[in-house]
Amino acid sequence: MKKMYRAAAVVASFALALSIAGCAPNANSNSGSNGGDTGDSSAASQSLTLAYSEGGKTLNPAEANDGTSDTLVLAAYDQLVTYGTKEQDGKRVSDTATIVPMIASEWSVDDTNTVYTFTIREDITFHSGKTLTKTDVVRSFQHIADSSSASFLYGMAGISTVEEGEGNTVIITLTAPNHLFLQILPMYSFSMLDMDEVEKNGGAEWLSTNTAGSGPYIINSWDPATEAKLTRNEDYWGDEPQIDTINMKFIGDASNRLQLLKKDSVDVALEIAPKDLQGLDGTNGITVDSRPSNKILFFAMNNNVAPFDNEKVRQAITYAIPYDKLLTDVMKGEASPMRSSVASSTPGFTDAGNNATYDLDKAKQLLAEAGYADGFTFDFTLGSGFSDWNDDAVLIQAELAKIGVTMNIQNMARAQFLEALAGKNVQAYISRWTSFVNDPGYHLGLLMTDNGTSNYMNYHNAEVNELWAAAATEPDADKRSEMYGKMQEIINTESPWAYLYEYNIAVAHSDDIAGYTSYPDGLIRFFQLSITE
């Protein structure tokens, strides 16, 4: 007997979302409009300008992996399904555990939990004017499977085959039951493309600077060094976005972004330093929307490079971190303690095995047990771009000096830093991570398993690998949670990272903007926004 998932129940949840979010539209729902003619003439005059810290690297959904690129992709493309939303503490947030229709109006799964049949809507057109078909869906999945970046997620979702079915259906077969499958599909990486348009223009390389989507916005121009301009898709199949033009300004200096917001030259500013957020809320009609998130910051030690190949040395470092100073002096209250390799908001979170507190005597004891009673010297690579990283590094450097450890800080431009991490030879570094899918399997699989594409510190534990593989196909949620808990306990004990903090996601914007919804990925969905005055 198949289990069927339909749009009807979801439409009701979206109606509630619109009501709570100040009547902001939601492109993921469909009111039956064909081109967005809602009769709301005010929508035609709304324009929004946002200040981002950087301009992104690609428009290819399957290769995008930075915040600006991801935001542009979500504006220009639709996905097969998407995440629900809900109200939490008076604010609109995503509900990533609830998957709702988008391009697929409904779906069913067979008794083996491995064969999914998706019904594709027949009223969707790409920006090119071509009707989206099941063939486009199948070809889009092949594009993802062939990519250098999203192919890892394709494998993590356990996808075996994607085929055209009867009528307007697409059948996706998994290698085994996989609880991450439906949660990964809404990611920007799994966008549906007009593959005729892609092939006509030479293939995937063309997609890095052009789009072939069906999403609520059309990208008219994009210069990563300066700005991007978007306009509303007037033929959008779903509810009409309220904002008709979006201007994204790329401004590297955080203080400049802040000044532009204060002068009302931009409506939204992102990546504002915590010290500058203090006292900003309510100033000159500005609202600061600051919320806890699953974005984490950690001090990584390369487990393949001495002396960090010694577990006791890594543990010693965790006892020398001035945790309270990082939260108060650097983050000014815009962060909370991090106690495990996953964020505290992640289902199945546990801090079992983590006993680290700021205790220099304990740190010295562990160093002595490891054979480093006189300390040691190591190179720490500091990537540019985030002021809190620099402040954190200076504070940690001072504390390590008290236990005889010399930390040489080597500054590196962000692009070089990312390239160096990919080489997996950096001795120690600070990095942050946001799990777009708020599930420990996604998070730990990417960061803590041998095959994880972001395991830059070469962490290896055979039991962790085995637990992760077993949990991926375990249908019982309680048993799965127990496996992920054991993984965390092992990792917490072996300390490949020293845990620094969990960020708040803070967005500073004009008071008259409504509809902002917080997602684990921290990305803004433009179609949800409106201007109230």
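It should be emphasised that the depicted structure is a prediction, and the values quoted were computed from it without experimental measurement.

### Considering the layout of surface pockets
In step 1: If you add up the space inside the second largest pocket, you get close to 1000 Å³.
In step 2: Lining the second largest pocket are 39 residues, and of these Asp95, Thr96, Ala97, Gln183 and Asn438 lie nearest its centre.
In step 3: Of all the secondary-structure elements, those providing two or more residues to the lining of the second largest pocket are strand E1 (3-5), strand E3 (81-88), strand E4 (91-101), strand E5 (104-109), helix H5 (181-184) and strand E13 (286-301).
In step 4: Here the lining of the second largest pocket is built from residues that sort into 16 nonpolar, 14 polar and 9 charged.

### Quick look at unusual backbone geometry
Glycine aside, residues mostly have negative phi angles, and peptide bonds mostly take the trans form.
In step 1: In this structure, Pro307 follows Ala306 across a cis peptide bond, with omega equal to 5 degrees.
In step 2: Residue placement: Pro307 occurs in the loop between E13 and helix H10 (311-318).
In step 3: Positive phi is not limited to glycine here, since Asn113 has a value of about 60 degrees.
In step 4: Along the chain, Asn113 falls in the loop between E5 and strand E6 (115-120).
In step 5: Of the residues examined, Asn113 reaches a relative accessible area of 25% and is grouped as partly exposed.
In step 6: Unlike most non-glycine residues, Asp264 shows phi in positive territory, near 65 degrees.

### Re the environment of Gly333
In step 1: With respect to the secondary-structure elements, Gly333 resides in the loop between helix H11 (323-330) and strand E14 (335-337).
In step 2: Each C-alpha atom, one on Gly333 and one on Met457, is 29 Å from the other, the two residues being 124 residues apart in sequence.
In step 3: Excluding anything up to four places from it in sequence, Gly333 contacts Leu327 and Asn504.

### Section: H10
In step 1: With 6 of 8 residues buried, H10 is to be regarded as a mostly interior element.
In step 2: Residues of H10 that are buried: Val313, Arg314, Gln315, Ala316, Ile317 and Thr318.

### Things to note about the confidence of the model for the protein chain
In step 1: Summary statistics for the protein chain give a mean pLDDT of 89 and a share of 92% for residues scoring 70 or more.
In step 2: Contacts of residues 6-44 to residues separated by more than four positions or lying in other chains number 77 contacts, the stretch itself having pLDDT below 50.

### A closer look at the packing of H10 against helix H12 (residues 360-369)
In step 1: It is at 8 Å that the axes of H10 and H12 come closest, and there the two elements cross at 170 degrees. In terms of axis orientation, H10 runs roughly antiparallel to H12. Taken as a pair, H10 and H12 cross one another with a handedness that is left-handed. Residues Lys312, Val313, Gln315 and Ala316 of H10 form the contact with H12, whose participating residues are Ala363, Leu366, Leu367 and Glu369.
In step 2: Residues of the contact of H10 with H12, tallied by class, amount to 5 nonpolar, 1 polar and 2 charged.

### Details of the side chain of Asp66
In step 1: Looking at the element boundaries, Asp66 is found in the loop between strand E2 (47-52) and helix H2 (67-76).
In step 2: Although Asp66 is buried, it makes no salt bridge; Lys57 carries the closest opposite charge, 4.3 Å away.
In step 3: When neighbours within four sequence positions are excluded, Asp66 is seen to be in contact with Glu54, Gly56 and Lys57.

Parameters and conventions
- Sequence positions are assigned chain by chain, starting from 1 and proceeding in written order.
- Local features in this predicted model are restricted to residues of pLDDT 70 or higher, and side-chain atom pairs are both shown and tallied only at a pLDDT of 80 or more, whereas totals for entire chains, interfaces and linings draw on every residue.
- Hydrogen atoms and water are omitted, and side-chain values are computed over all heavy atoms in the structure.
- Points on a 1 Å grid, built from protein atoms alone, make a cavity when a 1.4 Å probe fits but cannot get out and make a pocket when they are open with protein on both sides within 12 Å along at least 5 of 7 lines; residues with an atom within 4 Å of a point are the lining residues.
- Grid points are joined across faces, edges and corners, and a volume is the space filled by probe spheres set on the points.
- Strands here mean DSSP runs of E at least two residues long; helices mean DSSP runs of H or I at least four residues long; both are numbered from the N terminus.
- Ten residues, namely Ala, Val, Leu, Ile, Met, Phe, Trp, Tyr, Cys and Pro, are considered nonpolar, four, namely Asp, Glu, Lys and Arg, are considered charged, and the remaining ones, Gly among them, are considered polar.
- Only protein chains enter the accessibility calculation, which uses a 1.4 Å probe; a residue is then buried when its area is under 20% of its type maximum, exposed when over 50%, and partly exposed in between.
- It only takes one pair of heavy atoms within 4.5 Å for two residues to be counted as in contact.
- What pLDDT conveys is the predictor's confidence in a given residue, as a value from 0 to 100.
- Axis lines are fitted through C-alpha atoms, for helices just across the contact stretch, and the angle between N-to-C directions can take any value from 0 to 180 degrees.
- An angle below 35 degrees is treated as roughly parallel, one above 145 as roughly antiparallel, one from 65 to 115 as roughly perpendicular, and anything else as oblique.
- When the near helix sits turned anticlockwise from the far one by under a right angle, the crossing is termed left-handed; a clockwise turn instead gives a right-handed crossing.
- In summary, the charge assignment counts Lys and Arg as positive and Asp and Glu as negative, without counting His or the chain termini.
- We define a salt bridge as a contact between a side-chain nitrogen of Lys or Arg and a carboxyl oxygen of Asp or Glu at a distance within 4 Å.

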